[in-house]
Amino acid sequence: LDKQRFHYVKEAAKNVVDTLKTANEANRIGIISFNYGGPRKSGDPEENTSIPKGATLQKPVTGTEVRADITQKLGTEELKGIIDGLGTSNRTNYGVALQKTKEQLDQVENDGRKKFVVFITDGEPNGYLDDGHDVNNTEKAKEAGRRAAKELKDLYGFYAISVSDQEASKYLSV
């Protein structure tokens, strides 16, 4: 993902924050970043080939994690600061991001508030978890993302925004 396109992803996310907080400052917003989902197996084309076959590369799961917990009551500027601090890698794992989204939503008691998911991405899933390791495979990544999306229950709305070319938007259909 080039820096210009990621800038647009951040701006889109900040616009969502502005819209939701302007509508009602009490609205709660969670932020989950996702680029890769865990340690990668050796032999991954994006990894150093000098690593012995079968070894696990212990990379921190910095790409897919809760950046703003939905149970916290963060203000507009705090949320925008979190968005400004997001980074990228060469992996986009829809499945893990949507699983973490479900975990976050499950923590919120049903107090009559409507639950929405706004999913902002560059549009191409290419990472999925296989036995706890992040693997580069677009077809399996798309299927893992679809399965995870179907697990999201009791949503008032799910909005997907692709900041990419028209071809990439096909990955967002569930």
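Data block above holds the structure.
So, a few notes on the structure that sits alongside this text.

Analysis parameters
- Residues numbered from 1 in each chain as written.
- Predicted model: local features only at pLDDT ≥ 70, side-chain atom pairs only at ≥ 80, totals over all residues.
- Heavy atoms only, no water.
- Helix = DSSP H or I, 4+ residues; strand = E, 2+ residues; numbered from the N terminus.
- Buried < 20%, exposed > 50% of the residue type's maximum accessible area, 1.4 Å probe, protein only.
- Areas by Shrake-Rupley, 256 points an atom, 1.4 Å probe, with all protein chains shown as cover.
- Patch = residues over 30% accessible without salt bridge, like charges linked within 9 Å, V, L, I, M, F, W, Y side chains within 5 Å.
- Salt bridge = Lys/Arg side-chain N within 4 Å of Asp/Glu carboxyl O.
- Pairing = 2+ DSSP bridges.
- Axes fitted to C-alpha atoms, helices over the stretch in contact; angles between N-to-C directions.
- Parallel < 35°, antiparallel > 145°, perpendicular 65-115°, else oblique.
- Left-handed = near helix turned anticlockwise from the far one by under 90°.
- Contact = heavy atoms within 4.5 Å.
- Nonpolar A, V, L, I, M, F, W, Y, C, P; charged D, E, K, R; others polar.
- Core = buried A, V, L, I, M, F, W, Y, C linked by side-chain atoms within 4.5 Å.
- Phe/Tyr/Trp six-rings, centres within 6.5 Å; stacked < 30°, edge-to-face > 60°.
- Lys NZ or Arg CZ within 6 Å of the ring centre and 35° of its normal.
- Expected span 1.5 Å × (residues − 1).

### Some points on the overall build of the protein
If you tally the helices and strands in the protein, you get four helices and eight strands. The buried share among the 174 residues of the protein stands at 40%. When the accessible surface of the protein is totalled, it reaches about 9,900 Å², and 46% of it is carbon and sulfur.

### Considering a nonpolar patch on the surface
On the surface, F116, V118, Y156 and Y159 cluster together into a nonpolar patch covering about 410 Å² of accessible area. With respect to the element layout, Y159 can be found in strand β8 (residues 157-162).

### Thoughts on the pairing of strand β6 (residues 127-130)
Looking at chain direction, β6 and strand β7 (residues 133-136) are connected through four bridges and run antiparallel. Counterpart to G127 in the pairing with β7 is N136. A loop of two residues connects β6 with β7, the two strands running antiparallel in sequence, and D131 in this loop sits at a positive phi of about 55°.

### Some remarks on the packing of helix α1 (residues 3-23) against helix α2 (residues 76-84)
At a minimum axis separation of 10 Å, α1 and α2 run at an interaxial angle of 165°. One element, α1, and the other, α2, form an angle in the roughly antiparallel class. Handedness of the α1/α2 crossing: right-handed. Of α2, the residues touching α1 (which contributes K10, A13, K14, V17, D18 and K21) are T76, L79, K80, I83 and D84. Its residues assigned to classes, the contact of α1 with α2 comprises four nonpolar, one polar and six charged.

### Describing the nonpolar core
Formed by 14 residues in total, the largest nonpolar core has its most connected members in I31, L79 and I120. Residue assignment for this core shows that the elements contributing at least two residues are α1 and α2. Judged by nonpolar contacts, the second largest core, of twelve residues, contains A97, V108, V117 and A149.

### Points about the pattern of salt bridges
For the coordinates displayed, the defined rule picks out six salt bridges. The salt bridge partner of E11 is K14, with a shortest N-O separation of 3.1 Å. Of the two residues, E11 and K14 both sit in helix α1, three residues apart, roughly one turn of that helix. A salt bridge links D18 to K80; the nearest nitrogen and oxygen atoms lie 2.9 Å apart. Of this pair, D18 sits in helix α1 while K80 sits in helix α2, placing them 62 residues apart in sequence.

### A few points about the packing of aromatic side chains
The final tally for this structure, using the stated rule, is six aromatic pairs. Taken together, the aromatic side chains of F34, Y94, F119 and F158 make up a single cluster linked through ring pairs. Positioned over the ring face of Y156 is K114, at 4.3 Å from the centre of the ring.

### Some details on α1
It helps to recall that an α-helix has 3.6 residues per turn; residues three or four apart then point in one direction. Over its 21 residues, α1 runs 30 Å from end to end, which matches the ideal 30 Å to within 8%, given 1.5 Å per residue. Along α1, the residues that are buried comprise F6, V9, K10, A12, A13, K14, V17 and K21. Among the structural elements, α2 and β5 (116-121) are those in contact with the buried residues of α1.

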